[in-house]
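# Results of the structural survey
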Amino acid sequence: MNSDTYDLAIVGAGPAGMAAARTAAAQDLSVVLLDEQPAPGGQIYRSIRRPAPEDRRILGPDYYHGETLVRDLDHSRIEYRPGTTVWALDDDHTLCASSPEGSTRIHAQRILLATGAQERPVPFPGWTLPGVMTCGAAQILLKSSGLVPSQPLVLAGSGPLLLLIAAQLHRAGVAIEAVLDTTPAGHQLDALPHLPGALRNLPLLWKGLGLLRELKQAGIQRFAQVSDLRALANEEGRLHQVQFHADNATHRLPAQSLLVHQGVVPNVQLSRALGLEHRWHELQQCWHPVTNDWGETSREGVFISGDSAGIAGAKAAEQAGTLVALEVARQLNRLSTTQRDEQARPALKDLARERAIRPFLDALYQPARSFLSPADETLVCRCEEVSAGELRQMVDEGCRGPNQTKAFCRSGMGPCQGRLCGLTVSQVIAERRGVPVDEVGYYQIRMPIKPLTLGELADLHK
Amino acid sequence: MPNASEFPRIETGAAEWVEVEVDGQPIQVRAGDSAAAAVLAAGLVPSRSTPVNNSPRAPYCMMGVCFECLLEIDGTENVQGCMTEVRPGMQIRRQQGARHAEPVTHEDRQS
Ligand SMILES: Cc1cc2nc3c(=O)[nH]c(=O)nc-3n(C[C@H](O)[C@@H](O)[C@H](O)COP(=O)(O)OP(=O)(O)OC[C@H]3O[C@@H](n4cnc5c(N)ncnc54)[C@H](O)[C@@H]3O)c2cc1C
Ligand code: FES
């Protein structure tokens, strides 16, 4: 197996990773940028080099902002390696990664994890049915393939991305049967105290209102304060109806596709596997790895930035990646502390503005309880098919945390390694025990963080 | 075999097209599409059934998180379809029930 050495190794070529690479290269640091996707961009700018939709209005100008970031990767100090999945990081800053060519070890003086976010798991009865997928999945299909969901189409959930993706699909000519807004009553009031922060970022607020207006003008049916969401199957076990409660009545809509969304949460798979410190973020209802102001974690020389450090959006990710690169340049003696601080000023200012609106959005769009700790019948672990009721029963029998339920019912032991049940399992247990989620903790994640083939493992020992 | 679950494609402008087979049926897809996208374009849904209860499933996240897109690709089982780009002539099949060869996970490595 080969082994290469760099000043900075970056995992993830989204806005955070790309901005870090650009800034580090400008300081003459040697950079390797690894991403498991075949092209740079991360989630927001996915397929930005070759977006599928011909009409640029469909994805909108915020998407095409990614073009400049990707262009800047063309730099002699940046080695970008697509199709490369990082599955381990050793104590001596050596990354283990696989690509179609085989496994490699990559050593770097400093490591940046910029692995982004994933959509929050949205458990409800029927969420495993074929025909149900996440809003983000539909957006990926639109950006990279120009494929749109089969219709009739219903969208359900909460948050700005739900509205954005509904608008993008509408602009792509897709007929939307209905948008079911599951934001519970009362969240507007909860968000109100955070409004002054939000007002510091008027353009973003304005964009959100614009999306609402766009959907309304399009005449798309919208139900508010939707509860009791349920996907119903036909005889072949495929989605054919969406049932829900709204306006004091139970409704049923025909559907070939149901897209669901309850916000995004940090992808903590690598940071967990490294045993880094994480804290529960009550407003965002998810875990954050602990970092200092420059993104450095509890392990010296290992940094995290962008949405994998805490959800703050694409613009914030870009600024946070820039800050990490400046600090790495200081640590590796390319910049003095004064120079670093001077160069960091614009990024810090923009970052503060992007972060200021978050508490407002987080309070407004916090998922309804029923999605965080679902009813007994709902499957929580899709891989091993474990329901919320089974988890509660295990708590009643004495299980105190996710690693114990894992041992009893295999929840979290399927191929997804807990990515899609970890948050929910911790929350169900905490609620049943009547203790804070922090006390219950999270699955113990071990490396490799992706299932490996025997060939890839054998490659390691060559 | 048009069926209601096929994902239609919007105007995508100039692109290379690649022919693959989805459960034995030839279909043209865009170069750069993932195998999971090809399966959705072909309407092969459900695209797998679970090892535990044989429940029907289909791609869910399209970004490598959920492993619901496991497919048999060119004879290899348990391939993550959303993370695999199509190649000309690729043979994509539904993955049925129990995995015959388990993917190696950390749990297996420990035992
Ligand atoms: C599906 C989805 C769609 C979204 N769409 C939008 C949108 O349209 N507009 C918007 O404002 N926000 C969107 N977001 C929110 C998103 O989090 C953005 O804020 C932004 O993409 C975050 O940037 P980032 O650099 O932190 O991470 P990302 O852009 O997520 O980039 C992380 C990168 O890391 C790579 N990666 C992860 N783990 C590994 C590994 N182990 N090995 C190798 N590579 C790895 C991924 O392939 C990815 O390219 C979306 C989020 C999701 C999950
Ligand atoms: S669809 Fe989720 S991992 Fe492929």
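Residues numbered from 1 in each chain as written. Chains lettered and ligands numbered in written order. Predicted model: local features only at pLDDT ≥ 70, side-chain atom pairs only at ≥ 80, totals over all residues. Heavy atoms only, no water.

## Some points on the overall build of chain A
Looking only at helices and strands, chain A has 18 helices and 21 strands in total. For 462 residues, the compact-globule formula gives about 23 Å, and the C-alpha radius of gyration of chain A, at 22 Å, lands near that figure. Across its three principal directions, the C-alpha atoms of chain A cover 65 × 50 × 45 Å. Counting only residues that meet the buried cut, chain A has 63% of its 462 residues in that class. Here the contacts in chain A between residues at least 6 apart in sequence split such that 67% fall between residues at least 24 apart. With the model as given, the accessible surface of chain A reaches about 18000 Å², and the carbon-plus-sulfur share is 49%. Positive and negative side-chain charges of chain A, numbering 46 and 50 respectively, have mean locations separated by a distance of 3 Å. (Helix = DSSP H or I, 4+ residues; strand = E, 2+ residues; numbered from the N terminus. Rg over C-alpha atoms; globule rule 2.2 N^0.38 Å. Buried < 20%, exposed > 50% of the residue type's maximum accessible area, 1.4 Å probe, protein only. Contact = heavy atoms within 4.5 Å. Areas by Shrake-Rupley, 256 points an atom, 1.4 Å probe, with all protein chains shown as cover. Lys, Arg positive; Asp, Glu negative; His and termini not counted. Charge placed at Lys NZ, Arg CZ, Asp CG, Glu CD.)

## Some details on the UniProt feature "domain: SoxA A3" (unreviewed entry) in chain A
Residues annotated by UniProt as "domain: SoxA A3" (unreviewed entry) correspond here to residues 379-458 of chain A. Here residues 379-458 of chain A is 48% helix and 6% strand, with 36 Å between the C-alpha atoms at its ends. (UniProt positions renumbered as here; feature names shortened; annotations may be inferred.)

## A few points about the interface of chain A and chain B
Counting residues at the interface gives 60 residues for chain A and 47 residues for chain B. The junction of chain A with chain B conceals about 4600 Å² of combined surface from both sides, 59% of it contributed by carbon and sulfur atoms. A per-residue breakdown of the area chain A buries against chain B is headed by L147(A), E385(A) and P415(A), which together make up 13% of the total. Joining chain A to chain B, the criterion identifies 2 salt bridges. Across the pair E385(A) and R57(B) runs a salt bridge whose closest N-O atoms are separated by 3.9 Å. Taken together, the links from chain A to chain B amount to 13 residue pairs in polar contact (both at pLDDT 80 or more). Of all elements in the fold, only β7 (117-119), β8 (132-134), α4 (135-145), β15 (257-261) and α18 (454-460) of chain A reach the threshold of two or more residues within the side of chain A that touches chain B. The greatest single-element share of the side of chain A that touches chain B, amounting to 6 residues, is contributed by α4(A). In terms of residue class, the side of chain A that touches chain B is made up of 32 nonpolar, 16 polar and 12 charged. (Buried area = accessible area lost by both parts, 1.4 Å probe. Salt bridge = Lys/Arg side-chain N within 4 Å of Asp/Glu carboxyl O. Polar contact = N/O pair within 3.5 Å; in protein donor to acceptor, adjacent residues only side chain to side chain. Nonpolar A, V, L, I, M, F, W, Y, C, P; charged D, E, K, R; others polar.)

## What to know about the sheet that holds strand β11 (residues 222-223) of chain A
Residues and elements named next belong to chain A. One open sheet holds the 5 strands; their spatial order is β8-β15-β9-β10-β11, and the pairing between them is parallel. Two strands in the sheet have a free side with no partner beyond their single neighbour: β8 and β11. The pairing of strand β10 (residues 178-181) with β11 spans 2 bridges and is parallel. Across the sheet, V179 pairs through a bridge with R222, a residue of β11. Against the sheet, α4 contacts β8, β9 (153-157) and β15, and its axis sits at roughly 80 degrees relative to β8. (Pairing = 2+ DSSP bridges. Axes fitted to C-alpha atoms, helices over the stretch in contact; angles between N-to-C directions.)

## Describing the site of ligand 1
Around ligand 1 lies a shell of 34 residues, among which A16(A), D35(A), V86(A), Q139(A) and D307(A) are the nearest. Around ligand 1, the neighbouring residues derive from chains A and B rather than from a single chain. Residue V86(A) places a main-chain N or O atom 2.9 Å away from a nitrogen atom belonging to ligand 1. Within the side chain of D307(A), an N or O atom sits 2.6 Å from an oxygen atom of ligand 1. Here ligand 1 has 980 Å² of accessible area as a free molecule, and 93% of this is covered by the chains. Sorting elements by how many residues they give to the shell around ligand 1 places α4(A) first, with 3 residues. In terms of residue class, the shell around ligand 1 is built from 15 nonpolar, 15 polar and 4 charged. (Near = heavy atom within 4 Å.)

## Some thoughts on the UniProt feature "domain: FAD/NAD(P)-binding" (unreviewed entry) in chain A
Following the UniProt record, the feature "domain: FAD/NAD(P)-binding" (unreviewed entry) maps to residues 6-321 of chain A here. Its end C-alpha atoms 18 Å apart, residues 6-321 of chain A is made of 27% helix and 30% strand.

## Thoughts on the packing of helix α10 (residues 314-331) of chain A against helix α11 (residues 337-356) of chain A
Residues and elements named next belong to chain A. One way to put it is that α10 packs onto α11 with a least axis distance of 9 Å and a crossing angle of 165 degrees. It follows from the interaxial angle that α10 and α11 lie roughly antiparallel. Read as a crossing pair, α10 and α11 show a hand that is left-handed. For the pair α10 and α11, contact is made by K315, A316, Q319, A320, T322, L323, L326, E327 and R330 and by T337, R340, Q343, A344, A347, L348, D350, L351 and E354, respectively. Considering only residue class, the contact of α10 with α11 consists of 8 nonpolar, 4 polar and 6 charged. (Parallel < 35°, antiparallel > 145°, perpendicular 65-115°, else oblique. Left-handed = near helix turned anticlockwise from the far one by under 90°.)

## Observations regarding unusual backbone geometry
Each neighbour pair has its own omega, and for Q151(A) with P152(A) the value is 5 degrees, a cis peptide bond. By secondary structure assignment, the location of P152(A) is in the loop between α4 and β9. Here the residue pair M447(A) and P448(A) is connected by a cis peptide bond, since its omega of 0 degrees sits within 30 degrees of zero. With respect to the element layout, P448(A) can be found in the loop between α17 (437-440) and α18. One non-glycine residue, M62(B), adopts positive backbone phi at about 60 degrees. Take M62(B): its relative accessible area is 3%, and that puts it in the buried class.

## Overview of the packing of aromatic side chains
Residues and elements named next belong to chain A. Tallied over the entire structure, the rule returns 7 aromatic pairs over all chains. Note on Y63 and Y64: the rings are 4.9 Å apart at their centroids and 85 degrees apart in plane angle, and the pair reads as edge-to-face. Across the pair, Y64 and Y63 agree in class, each one buried. Ring plane angle 85 degrees and centroid distance 6.5 Å describe the contact between F124 and F371, whose orientation is recorded as edge-to-face. Here F124, found in the loop between β7 and β8, pairs with F371, found in helix α13 (residues 369-372); they are 247 residues apart in sequence, far enough to count as distant. Given a relative accessible area of 2%, F124 falls into the buried group. On the basis of relative accessibility, which here comes to 6%, the residue F371 falls in the buried class. (Phe/Tyr/Trp six-rings, centres within 6.5 Å; stacked < 30°, edge-to-face > 60°.)

## Description of α4(A)
All names here are of chain A. Buried residues dominate α4, accounting for 11 of its 11 residues. Taken together, the buried positions of α4 are occupied by C135, G136, A137, A138, Q139, I140, L141, L142, K143, S144 and S145. Once α4 ends, the next one or two residues include G146, with phi positive near 70 degrees.

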